[in-house]
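The primary structure of each chain is shown beneath.
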Amino acid sequence: MLDAGKTETLLEVNNIEVIYNHVILVLKGVSLSVPKGGITALLGGNGAGKTTTLKAISNLLHSERGEVTKGRITYRGERVQDLSPADLVAKGVIQVMEGRHCFGHLTVEENLLTGAYIRKDGRAAIARDLDMVYSHFPRLKERRKSQAGYTSGGEQQMVAIGRALMSRPETILLDEPSMGLAPQLVEQIFQIVKAVNETEGVTFLLAEQNTNVALRYAHYGYILESGRVVMDGPAAELRENPDVKEFYLGVSDQGRNSFRNVRSYRRRKRWLS
Ligand SMILES: Nc1ncnc2c1ncn2[C@@H]1O[C@H](COP(=O)(O)OP(=O)(O)OP(=O)(O)O)[C@@H](O)[C@H]1O
Ligand SMILES: [Mg+2]
């Protein structure tokens, strides 16, 4: 277990505000910190601001007409707000986008190799890392000659994470790895994330609507609601928190449907109170 008091903080988001299209205020003072070697989860429902937070960190907001208008983002103590996504990759931070973007016409292996494009340490090192990726994703080794566009959703998520690993990152920002996957596959993906974290020492900040699974694998969690952090704590504590249990872990445990019901119930309650 990570001891937050002793570990180094890699990424620090300090009170950021994000505005889309000059007028839509989406993040209203979000702060979080990501310790080296940990898995930190950014939780919350639809539209809470998880993707916006990750894109603010990796500087991918410009293409969305979004802008960080307040606050500060640092990596290893250095301000990274003005870096391009490529500069950030060079510093060891890479984002795996929501919806697993693969190059459909390339093979699985070619996709993985595109992740190594910024490296200058030679073919042998890249070949070793390809083996490392295949050791975590044996399924990808089996499918390495297949065209990525014809692989399953789970396999494409594996390709997206594997490709990120090929850049030898220190930190991966992973957006909604469970999206659209069957529960068994979600579990498998999270097990791989945990193994990569433990054996390769890669730090993760992951955004997830699936609170239940994320809190079982993460060390620490932040819960976002309407662009604000409403709660944070060690994952084990959040799992036992009565509000989290009621509103995010869906007592009846029937997946997103019941989760949505719980949330609309909560909205109603808030509206009435
Ligand atoms: N390009 C954009 N222009 C305007 N508003 C946007 C844009 N992208 C996102 N938003 C709004 O910002 C809010 C936060 O969206 P965001 O995608 O960050 O949420 P999320 O927590 O990732 O949700 P989900 O779990 O559905 O992926 C939402 O209200 C969304 O409608
Ligand atoms: Mg999102």
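Scroll up to find the structure this text is about.
Attention here is on the structure that accompanies the text. Since we're looking at a predicted model, the values are computed, not measured. (Residues numbered from 1 in each chain as written. Chains lettered and ligands numbered in written order. Predicted model: local features only at pLDDT ≥ 70, side-chain atom pairs only at ≥ 80, totals over all residues. Heavy atoms only, no water.)

1. Remarks on the packing of aromatic side chains
Following the criterion strictly, the structure yields two aromatic pairs and no others. Geometrically, the ring pair formed by F190 and Y217 is tilted, given 5.5 Å between the ring centres and 35 degrees between the ring planes. With F190 in helix α7 (residues 183–200) and Y217 in helix α8 (residues 211–217), the pair connects residues that are 27 residues apart, well separated along the chain. An identical accessibility class is assigned to F190 and Y217; each is buried. Aromatic pair Y220 and Y222: ring centres 5.3 Å apart, planes at 55 degrees, arrangement tilted. When its relative accessible area of 25% is taken as the criterion, Y220 is described as partly exposed. (Phe/Tyr/Trp six-rings, centres within 6.5 Å; stacked < 30°, edge-to-face > 60°. Helix = DSSP H or I, 4+ residues; strand = E, 2+ residues; numbered from the N terminus. Buried < 20%, exposed > 50% of the residue type's maximum accessible area, 1.4 Å probe, protein only.)

2. Here we look at the site of ligand 1
By nearness alone, 16 residues border ligand 1, and N46, K50, T51, T52 and E98 come closest of all. Note that an oxygen atom of ligand 1 is positioned 2.6 Å from one of the side-chain N or O atoms of N46. Between an oxygen atom of ligand 1 and a side-chain N or O atom of Q209, the distance comes to 2.7 Å. Taken by itself ligand 1 offers 640 Å² of open surface, and the protein chains cover 69% of this. Mapped onto the shell around ligand 1, the elements with two or more residues apiece are β2 (24–35) and α1 (50–57). With three residues, the top contributor of residues to the shell around ligand 1 is α1. By residue class, the composition of the shell around ligand 1 is four nonpolar, eight polar and four charged. (Near = heavy atom within 4 Å. Polar contact = N/O pair within 3.5 Å; in protein donor to acceptor, adjacent residues only side chain to side chain. Areas by Shrake-Rupley, 256 points an atom, 1.4 Å probe, with all protein chains shown as cover. Nonpolar A, V, L, I, M, F, W, Y, C, P; charged D, E, K, R; others polar.)

3. A look at the coordination of the magnesium ion (ligand 2)
Looking at the metal site, the magnesium ion (ligand 2) is ligated by T51 (OG1) and E98 (OE), spaced 1.9 to 2.4 Å from it. With T51 in helix α1 and E98 in the loop between β6 (93–96) and α3 (108–114), this residue pair connects regions lying 47 residues apart in the sequence. A residue is classified by how much of its surface remains accessible, and E98, at 29% relative accessible area, is partly exposed. (Donors = N, O, S within 2.8 Å, 3.2 Å for Na, K, Ca; no water.)

4. Brief notes about the side chain of T53
Within the secondary structure, T53 is located in helix α1. Beyond its immediate chain neighbours, meaning those up to four positions away, T53 contacts L27, V30, L32, L42 and L224. (Contact = heavy atoms within 4.5 Å.)

5. As for the pattern of salt bridges
Pairing is possible between side chains of opposite charge, provided their charged atoms come close. The final tally for this structure, using the stated rule, is 17 salt bridges. The partner of E17 in a salt bridge is K70, and the shortest N-O contact between them spans 3.5 Å. Taken as a pair, E17 in strand β1 (residues 9–20) and K70 in strand β4 (residues 66–75) lie far apart in primary sequence, 53 residues in all. For E17, a relative accessible area of 17% gives the class buried. A salt bridge links D129 to R119; the nearest nitrogen and oxygen atoms lie 2.6 Å apart. Highlighted residues: D129 in helix α4 (residues 122–136) and R119 in the loop between α3 and α4, separated in sequence by ten residues. (Salt bridge = Lys/Arg side-chain N within 4 Å of Asp/Glu carboxyl O.)

6. Thoughts on the sheet that holds β1
With antiparallel pairing, four strands are arranged side by side in an open sheet as β2-β1-β4-β5. For this open sheet the edge positions go to β2 and β5 (78–79), each flanked by a neighbour on one side alone. When β1 meets β4, the two strands line up antiparallel, connected through eight bridges. Paired with E12 across the strands is T74, a residue of β4. Those strands touched by α1 are β1, β2 and β4, and its axis lies near 115 degrees from that of β1. (Pairing = 2+ DSSP bridges. Axes fitted to C-alpha atoms, helices over the stretch in contact; angles between N-to-C directions.)

7. Observations regarding α4
The end-to-end C-alpha distance of α4, which contains 15 residues, comes to 22 Å, matching closely the 21 Å that a straight helix rising 1.5 Å per residue would cover. All of the buried residues along α4 are A125, I126, D129, L130, M132, V133, Y134 and H136. (Expected span 1.5 Å × (residues − 1).)

8. Looking at the sheet that holds β6
One open sheet accounts for six strands, arranged β6-β7-β8-β3-β9-β10; its pairing is mixed. Of all strands in the sheet, those with a lone pairing partner are β6 and β10 (228–234), marking the two edges. Between one strand axis and the next, the sheet turns by 15 degrees as a mean value, whatever way the strands run.

9. What about the environment of L113?
Examined against the element boundaries, L113 turns out to sit in helix α3. Separated by 54 residues in sequence, L113 and S167 place their C-alpha atoms 9.1 Å apart. If sequence neighbours within four positions are ignored, L113 has contacts with I126, L130 and M166.

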